[in-house]
2 protein chains.
Amino acid sequence: MTTLTTPGGGPLYLQVRKLLTQRISGGAWPPGHLIPSELRLARELGVSQGTVRKAVDDLVGNNVLVRQQGKGTFVAVHDTRRALFHFFPMVGDDGQRVLPNSRVLSCRRLPAKQSEARALDLPAGARVIRIERTRDLNNRPTIVESIVLPAASFPELGKSRSERLPNTLYELYEERYGITIHRAEEQLRAVAASAKVAKLLGIEPGAPLLEITRLARTLDGTPVELRISRCLTRAHHYQSNFV
Amino acid sequence: MTTLTTPGGGPLYLQVRKLLTQRISGGAWPPGHLIPSELRLARELGVSQGTVRKAVDDLVGNNVLVRQQGKGTFVAVHDTRRALFHFFPMVGDDGQRVLPNSRVLSCRRLPAKQSEARALDLPAGARVIRIERTRDLNNRPTIVESIVLPAASFPELGKSRSERLPNTLYELYEERYGITIHRAEEQLRAVAASAKVAKLLGIEPGAPLLEITRLARTLDGTPVELRISRCLTRAHHYQSNFV
DNA sequence: GAGTGGTCTAGACCACGCT
DNA sequence: GCGTGGTCTAGACCACTCT
C-alpha cells in the first residue's frame, strides 16, 4: 500500500500522477497495458474518483495514457502511425505524410565522442552504438542520419552483422528493450552538404541541407538517443505548428 | 441572456467554451480583460461552477486565458516576453534567448501575388502590405524577413513613409488593430542565399539559410500574416520541443 | 446487465491578493 | 474579511463496450 500524505506532499492529484508515472516508467505497466479503472484506483489509494480523474487527465494530455470510453485507460503505445505522427515532422510539399524507407549503412559499437557522452549523460569514453543510415521519401534518398545510443541500454543491438533494423526504431526500442521514447528536443540549422553526404543523396556538395539534431528522452527524462539528420528539402519540408 | 441547450448542442462545457471564445474573439473581452469569476459565469449561464471551470481549463490550456489565484481570470496578452517565448523559436547555440533588433527596409501597399492571396484567403488581386526587414541577433544581421498582411485589416499601416515599426509586430497588431495572433503553422526548409539576401546578411551568395514560411492565424482561424524568414544559423538555431 | 469513461452537480475547505 | 481561483469530495446520470 502506498501512502498519500494529506497536505504534506503537495496536491493529492499530483501525488497520484507521480505514482502512476512511476508504475509506467518502472515497467509495472508496460505500453498497451490496461490500467485499473478510476474507481478501483480511487479506492486503492483512498481518494475520490475525481482526484484520480484529474491525475489521469494530466497524463492523457501528455500522451502517456489513452482513454477508451467503455473499455478503460491504457498506457500509450508507439505504433507506427503514432510514432510517425509524433516524431517525424517531415512532410511532402503537397501536405502528404509519407512513410520513409530506410537503408542502414553501418551499425557499430564503439567509444562515445566527448560531445555524444555529454549529450547522453554518459561517463567519458562509455561505449555507444552508432547507426548510419539513409532514408528515402517517395523512393528518393532524402535524409542521411547518424544515430547514437548508449550501448549499455541496448545489449544485443549491433553485435550481429546481419541484423535487420526496422524503419521505425522507436518501436524497436520499445518492444525489444522496454524503452519508450516520450519526448524530444530538436535543434534545426541549415548546413552545406559535405562530399560524403552529397554523394549519398545524389546532389552536389555544398547544396543546402536541413540539419536536425534531436535528443530523445524517456518519460523520466533520461536521454536515450542522439540523432543528427541531414535532410534534402526540395520536395519536402519540416512542419511545425504552435499555439 | 444566452441559452444553453441541455443535451442538444453537445456537452455543456463545450458550449460554455464556445461562448467564452466568441466573447473574446468578438472583442467584447479584449486582451488583458478580467473576465467574470467562475461563480458569476456559472450563475449567469445556469450551470455549475465545475462546468465553467472545465471550459476555462480548456482555454487556459490553449493560452487563451490566464488564471491568477486570488485575482481572477484574464484574457491572455501578447507582452513582449510572451510573444518572444511563443513565437520566436530562434535560440543562441548556448541556449540563450536573445531579443532581436529590427531594421525595416521597406513597407509598401500593393496587390497580392497569387500565392499570397491563396495563403491569406483573399480574393485574387486584393491589396496587401509587404514589409521587408532584417533582424539582428547579438548585433549581427541574422534574419531577412518578408511579411505580408491583408491591407484591409490594417488600415493605416504603411501609408506614412516615416512610420516606425516596433520589434514585435504582434504587439502592434494587438494594440493598434485589435488583432491577436493565436497560432501559427511553419514550414522549414534549407535554401541557398540569393545575391540580395547574402548582401544584407554579409555572407557569400549560395550559403545555406534556414527558410521559415509562417502563416499566423487569429483565435477563430482567420489567416492574418504570411511571413517568410531566411535565417543564418551559424551561431543560432531553431529550437523545437515535442512530446 | 455490468463495468468503464464522460459529463454535471453541489458543496466543502484551502491559498492567495486586496483593501 | 471578502472574493478569487485551487483542490477535493460524493454522488448522479449518460454513452459506450463487452459478454
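Each residue is numbered by its place in its chain's sequence as written, counting from 1. Lettering for chains starts from A, numbering for ligands starts from 1, and both go in the order in which the items are written. The model is predicted, so local features are restricted to residues of pLDDT at least 70 and side-chain atom pairs to those at 80 or more, both for listing and for counting; the totals for chains, interfaces and linings are taken over all residues. Excluded from the side-chain calculation are hydrogens and water; included are all heavy atoms of the structure.

A. Region of interest: the pattern of salt bridges. Residues and elements named next belong to chain A. Within this document, salt bridges are pairs made up of a side-chain nitrogen of Lys or Arg and a carboxyl oxygen of Asp or Glu, the two lying within 4 Å of each other. If you walk through the whole model with that rule in mind, you get 30 salt bridges over all chains. Across the salt bridge formed by Arg17 and Asp58, the nearest N and O atoms sit 2.4 Å from each other. Of this pair, Arg17 sits in helix 1 (residues 12–25) while Asp58 sits in helix 3 (residues 49–61), placing them 41 residues apart in sequence. A 1.4 Å probe rolled over the protein chains alone gives each residue an accessible area, and that area as a share of the maximum for its type sets the label: buried under 20%, exposed over 50%, partly exposed in between. According to the relative accessible area criterion, Asp58 is partly exposed, its value standing at 27%. Among the ionic pairs, Glu145 bridges to Arg227, the shortest N-O distance being 3.3 Å. In this pair, Glu145 sits in strand 7 (residues 140–150) while Arg227 sits in strand 10 (residues 223–231), placing the two residues 82 residues apart along the sequence. Residue Glu145 is classed as buried on the basis of its relative accessible area, which comes to 3%. What emerges from the salt-bridge pattern is a single network uniting Arg133, Arg135, Glu145, Glu225 and Arg227. Secondary structure elements are taken from DSSP: a helix is a run of H or I of four residues or more, a strand is a run of E of two residues or more, and numbering for both begins at the N terminus.

B. Structural detail: the pairing of strand 10 of chain A. Residues and elements named next belong to chain A. The buried fraction of strand 10 amounts to seven of the nine residues, a majority that puts the element mostly inside the structure. When DSSP finds at least two bridges between two strands, those strands are taken to pair. Pairing of strand 7 with strand 10, which is carried by six bridges, proceeds in the antiparallel orientation. The residue of strand 10 that forms the bridge with Glu145 is Ser229. Examined bridge by bridge, strand 9 (residues 208–217) and strand 10 share eight bridges and lie antiparallel to one another. Its bridge partner being in strand 10, Leu210 is matched across the sheet by Cys231. Between strand 9 and strand 10, which pair antiparallel in sequence order, lie five residues; one of them, Gly221, sits at a positive phi of approximately 95 degrees.

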